[in-house]
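Each chain is listed here by its residues.
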Amino acid sequence: GTILASGRLGIFGDERADAYRFQLSANDVSLRYPEGFLIRGDAELSLIGGQTTRQLRGIVTLDRAYYLQDVETGTFQLLQRILQRERLQIAETDPFLASTQLNVQVLGPEALRVRNNVADLTGGLELVLRGTLAAPIVVGEVELVPGGKLVYADNEYEIERGRLTFNNPYRID
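Keep in mind that what you see is a predicted model, and the values were worked out from it rather than measured. (Residues numbered from 1 in each chain as written. Predicted model: local features only at pLDDT ≥ 70, side-chain atom pairs only at ≥ 80, totals over all residues. Heavy atoms only, no water.)

**Things to note about the packing of aromatic side chains**
Right, so step 1: Summed over the entire model, instances satisfying the criterion amount to 2 aromatic pairs.
Right, so step 2: Ring plane angle 35 degrees and centroid distance 5.7 Å describe the contact between tyrosine 20 and phenylalanine 22, whose orientation is recorded as tilted.
Right, so step 3: Between phenylalanine 37 and tyrosine 67, the ring centres sit 5.0 Å apart and the planes meet at 55 degrees, which makes this aromatic pair tilted. Residue phenylalanine 37 is found in strand S3 (residues 37-50), and its partner tyrosine 67 is found in strand S4 (residues 54-67); the two are separated by 30 residues along the sequence.
Right, so step 4: When its relative accessible area of 27% is taken as the criterion, phenylalanine 37 is described as partly exposed. (Phe/Tyr/Trp six-rings, centres within 6.5 Å; stacked < 30°, edge-to-face > 60°. Helix = DSSP H or I, 4+ residues; strand = E, 2+ residues; numbered from the N terminus. Buried < 20%, exposed > 50% of the residue type's maximum accessible area, 1.4 Å probe, protein only.)

**Brief notes about the layout of surface pockets**
Any empty space left between the atoms is revealed when a probe the size of a water molecule rolls over them.
Right, so step 1: Of the volumes computed, that of the largest pocket is approximately 1100 Å³.
Right, so step 2: Along the walls of the largest pocket sit 34 residues, with Tyr33, Pro34, Ile39, Val106 and Leu129 positioned nearest its centre.
Right, so step 3: Counting residues per element, the ones that place at least two in the lining of the largest pocket are strand S2 (19-31), S3, S4, strand S5 (100-115), strand S6 (119-131), strand S7 (136-144) and strand S10 (162-166).
Right, so step 4: Here the lining of the largest pocket takes 6 residues from S3, the largest share from any one element.
Right, so step 5: Of the residues contributing to the lining of the largest pocket, the split by class is 31 nonpolar, 2 polar and 1 charged. (1 Å grid on protein atoms, 1.4 Å probe; cavity = no way out; pocket = protein on both sides within 12 Å on 5 of 7 lines; lining within 4 Å. Points joined across faces, edges and corners; volume = space filled by probe spheres on them. Nonpolar A, V, L, I, M, F, W, Y, C, P; charged D, E, K, R; others polar.)

Shown next as structure tokens:
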């Protein structure tokens, strides 16, 4: 793929805040992020800000969002995960992440593919990322195409319709 980046940085005296604007244009770029996903598409993103606040905004258009990683479904693995004692440490929130507002639209009308040991699904998505980089919120929909398959407890299920709706504007729900 191709990535083009440009930007502007203004440095002023004590009475005025520093200001900047960076733009990123990505065409036909592939990423293996988050873990288990292979994502390919285009993006037009801008990071605009000053000394204390900033906003990341733009649009990401996905040609492909594949999830191909197998999911552990054995009873023993599930019980082991549930009963495993882990010490949870709360990390301090990075000030940069906490003060960076999000307004990014993610479109993938026919981009979603899930192919692994429990699913063979296709679909599309129309999401908006809001909140901050430290605490993102997802609003929108993921819609599945009829005819996909799910396997659970050695039973195969055919998808007649499927829609995931994220409509809580305060947290991922």
